[in-house]
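# A structural walkthrough
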Amino acid sequence: MIEAQRLALFREVAHRGSFAQAAHALRLTPSAVSQQMAALERAARMRLFDRSTRGVTLTVAGQTLLRTADAIHGEMHRAERALAQLRDQGPPSVTVATFPSAGALLLAPALAALDGRNGPHVDTTVIEAEPDQALAALRDGRADVALVYHFHSRQPPPDWEDAAGRCTYRRLLKDELRLVLPAGHALASRSAARLEDVADEPWIHGCDLPGNAVDALASTRGLTPKVVCRSSDFRFMQALVAAGVGVAFIPSLAIEDRDDTRALTVTPTAKRYIGVYTAPGTPSTPPVRTLLEALQERAEALCTA
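Computed from a prediction, not measured in an experiment: that's the story for all the values here.

### Brief notes about the state of the cysteines
What the rule picks out here adds up to 0 disulfides. There is no disulfide at Cys229, and the cysteine sulfur nearest it, in Cys207, is 7.6 Å away. According to the relative accessible area criterion, Cys229 is buried, its value standing at 17%.

### What about the nonpolar core?
Judged by nonpolar contacts, the single largest core of 45 residues is most densely connected at Leu106, Leu147 and Leu291. Among the elements that take part in this core, helix H10 (residues 286-304) stands out by supplying 7 residues, more than any other. If you look at the next biggest cluster of nonpolar residues, it comprises 19 residues, including Phe10, Met37, Val56 and Ala61.

### What about the pairing of strand S11 (residues 261-267)?
The two faces of a sheet get side chains in turn, since along a regular strand they alternate between them. Relative to S11, strand S6 (residues 168-182) runs antiparallel, the two sharing 4 bridges. Looking at the pairing, Pro182 lines up with Thr261 of S11. Where strand S7 (residues 192-194) and S11 come together, 3 bridges link them in parallel fashion. Bridged to Ala192 within S11 is Thr265.

About the criteria used
- Residues numbered from 1 in each chain as written.
- Predicted model: local features only at pLDDT ≥ 70, side-chain atom pairs only at ≥ 80, totals over all residues.
- Heavy atoms only, no water.
- Disulfide = S-S within 2.5 Å.
- Buried < 20%, exposed > 50% of the residue type's maximum accessible area, 1.4 Å probe, protein only.
- Core = buried A, V, L, I, M, F, W, Y, C linked by side-chain atoms within 4.5 Å.
- Helix = DSSP H or I, 4+ residues; strand = E, 2+ residues; numbered from the N terminus.
- Pairing = 2+ DSSP bridges.

Below, the structure written as structure tokens:
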């Protein structure tokens, strides 16, 4: 039998990539960790780690076991939170991980609608997180709901299936990258432009996934733009455009209505898909079920606006 305590220790080693680092985090000796992992491998009757002087990596069997270890860890964490709520006899609670633009456009209005509906008050905690961090919060049991985004395909990236574990995904809406220019720009009076029209101008890039999407668009056209800023804050990017620093590519839902900038359709463009993951078991809880309904209603309102 695989003991739960050894499985928790295995999870720590797997995520840290080292017996020594896991031992330090758990205040154990590296020897004790090594012995426990050897016992776990005997119980599994398979090698779980590839060992080297640089640390350890998981075998295929180890990766399989880690998915179970992550799921159990998340369930235990959620159970502890539920028991604490019952013990304290407090109001129902929900924790949401979200990226900023979805927090402003989707989550905040949905929470306002949620609070206005008949039913008990819900204690809400919000974690600002990019998609990978949000999925980790779900997996670890720190979040019940995660708002995420990805580009290009309607379906989430294949590697998210492992990252999300047994979580459930629902699509909410999509939007496109648009070209944002200063109001006095030569192209500002047009409704659409080509990527090549601004190839020689300074570009203001998003970070991570948005920046990667723009880089991919430029690559398909054989362009090597001069990038003068990378930022995770679309509002800041638009302010830099207004100041004449450069042009930017911003998802349409994140563009503010300003007199000093203009947003044009651009060819080619990239589609950003926004969706919501829920942790195993949470869709049946009233706060999460009501929040999902409010998020869907808000998404539909944005699509028809």
